[in-house]
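# Remarks on the overall topology
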Amino acid sequence: ADQPNVVILATGGTIAGAGADVTNSATYQAAKVPVDKLIAGIPQLNTVAAVRGEQVFQIASESFTNANLVTLAKRVAALVKQNDVDGVVITHGTDTLEETAYFLNLVVRTDKPIVVVGSMRPGTAMSADGTLNLFNAVSVAASKDARGKGVLVTMNDEINSGRDVAKMVNLRTEAFKSPWGPLGMVVEGKNYWFRLPAKRHTSHSEFDIDKIDTLPSVEIAYGSGNASDTAYRAFAANGAKAIVHAGTGNGSVSSAVVPSLQELRGKGIQIIRSSHVNAGGFVLRNAEQPDDKYDWVVAHDLNPQKARILALVALTKTQDSKELQRIFWEY
Ligand SMILES: NC(=O)C[C@H](N)C(=O)O
């Protein structure tokens, strides 16, 4: 009776996937198995928490929308306000798991553990990783020492910050890495911590999902050699409020693209310089481009997809580029 209560919110993904054969580790359908079946498959969850499940969505995470983010975050925020909920676990596809984890980290005001988890192999495969990942997630969500550390991600025995972690490798179970390293590990139901997040999150955030109902359109355009301005202009024409430049190197921008970005900024669209090189560096302001002069924002160490998430949230509060930049330094 004095067991912690953990609610598992299921959204789909490979952790709820099913393949035709046990040898299908990579060929399968995501988002097939309902949450009650996932829970019933791991009776040992009862040793760490009293668990119950809710099926919020049943989708592959590459199809997650802004509306899905808002719906999920509102449900998490409502649950953590309940006295009979000690922690929340979200099962999620791995493709956009890092985006949802960061979104929740920004907008859910709580100290209670929120843990996002997925798997690389479907439950039907040999050496499926979802069972242990989910057991670890519930065990972390049930523990008092996981409080106040922001949204967490448990994959491959590691505990990562939902802000930092990204899917950096596909096909392998060792898929998720933080450029700045994991916060700790979870082994046999016990947490071992090694560092703490340095950025604002959850209960220390100025954002609150209870006050957010819709999110603006923020798009990402990719930098490479021979780059053109077509995508940037098309996004702007279709109502993007901010464009994240997934730049080369230190967020550098091709001379064929720079004039268009200046023009779009003049029309009120925020230009956010990120990089598709993001394994432990960060985009330096006024280095590759004169951001002060152009009134652009740099994404700090956030990869383009995480920069999109922070821009979505920040733009619900401010349209000022200086404020936006402050937010990118702080979160
Ligand atoms: N491993 C996975 O979960 C991949 C899947 N495409 C998803 O994100 O839903």
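Residues numbered from 1 in each chain as written. Predicted model: local features only at pLDDT ≥ 70, side-chain atom pairs only at ≥ 80, totals over all residues. Heavy atoms only, no water.

## With respect to the overall build of the chain
To be explicit about the condition: For the purposes of this entry, the term helix denotes a DSSP run of H or I that reaches at least four residues, the term strand denotes a run of E that reaches at least two, and both are numbered from the N terminus. Here's how the labels work: a residue is buried when its accessible area is under 20% of the maximum for its type, exposed when over 50%, partly exposed in between, all with a 1.4 Å probe on protein chains only. The contact criterion used is simple: two residues touch if any of their non-hydrogen atoms lie within 4.5 Å. With residues, only the protein chains shown are counted as cover, and all accessible areas are computed by Shrake-Rupley using a 1.4 Å probe.
A count of helical and extended segments in the chain gives nine helices and 14 strands. Considered along the principal axes of its C-alpha atoms, the chain spans approximately 60 × 45 × 35 Å. Within the chain, the fraction of its 331 residues that count as buried is 54%. By sequence separation, contacts in the chain at least 24 residues apart represent 72% of the contacts at least 6 residues apart. For the chain, the accessible area works out to roughly 13700 Å², and carbon and sulfur atoms hold 51% of it.

## Some thoughts on the domain arrangement of the chain
Many analyses report the size of an interface as the accessible area lost when the parts associate. The test is simple: Boundaries of every domain are those given by an automatic assignment or by a domain database. Here's the idea: put two parts together, see how much 1.4 Å probe accessible area each one loses, and the total over both is what we call buried area.
Here the domain parsing of the chain yields domain 1 (5-204) and domain 2 (216-330). Centre-to-centre separation of domain 1 and domain 2, based on C-alpha positions: 29 Å. Taken together, the contact pairs 18 residues of domain 1 with 19 residues of domain 2. For the pairing of domain 1 and domain 2, the buried interface totals around 1600 Å² over both sides, and the portion due to carbon and sulfur atoms is 52%.

## Side note on the side chain of Arg 265
Within the fold, Arg 265 resides in helix α6 (residues 258-266). On the accessibility criterion, Arg 265 (14% relative accessible area) is buried.

## Considerations on the packing of helix α8 (residues 304-314) against helix α9 (residues 321-330)
Note the threshold: Note on geometry: axes are lines fitted to C-alpha atoms, helical ones only across the stretch in contact, with angles between N-to-C directions running from 0 to 180 degrees. To sort the angles, those under 35 degrees are grouped as roughly parallel, those over 145 as roughly antiparallel, those from 65 to 115 as roughly perpendicular, and the leftovers as oblique. In a left-handed crossing the near helix is turned counterclockwise from the far helix by less than a right angle, and in a right-handed crossing that turn is clockwise. Residues were grouped as follows: Ala, Val, Leu, Ile, Met, Phe, Trp, Tyr, Cys and Pro as nonpolar; Asp, Glu, Lys and Arg as charged; and all remaining residues, including Gly, as polar.
It is the contact of α8 with α9, at a shortest axis distance of 11 Å, that shows an interaxial angle of 130°. With respect to α9, the axis of α8 lies oblique. Seen along the crossing, α8 lies across α9 with a hand that is right-handed. Each of Ala 307, Leu 310, Ala 311 and Ala 314 in α8 lies in contact with α9, whose residues at this interface are Leu 324, Ile 327 and Phe 328. Of the residues in the contact of α8 with α9, the class split is seven nonpolar, no polar and no charged.

## Focus on the packing of helix α3 (residues 97-107) against α8
Angle between the axes and distance between the axes: these two values describe a pair of packed helices. At a minimum axis separation of 9 Å, α3 and α8 run at an interaxial angle of 30°. Handedness of the α3/α8 crossing: right-handed. Each of Glu 98, Glu 99, Tyr 102, Phe 103, Leu 106 and Val 107 in α3 lies in contact with α8, whose residues at this interface are Gln 305, Lys 306, Arg 308, Ile 309, Leu 310 and Val 313. Considered class by class, the residues forming the contact of α3 with α8 number seven nonpolar, one polar and four charged.

## Details of the confidence of the model for the chain
Counted only if it meets this: One confidence number per residue, pLDDT, is output by the predictor and ranges from 0 to 100.
Mean pLDDT over the chain works out to 98, with 100% of the residues at or above the 70 mark. For this predicted complex, the interface score ipTM comes out at 0.97, alongside a pTM of 0.98.

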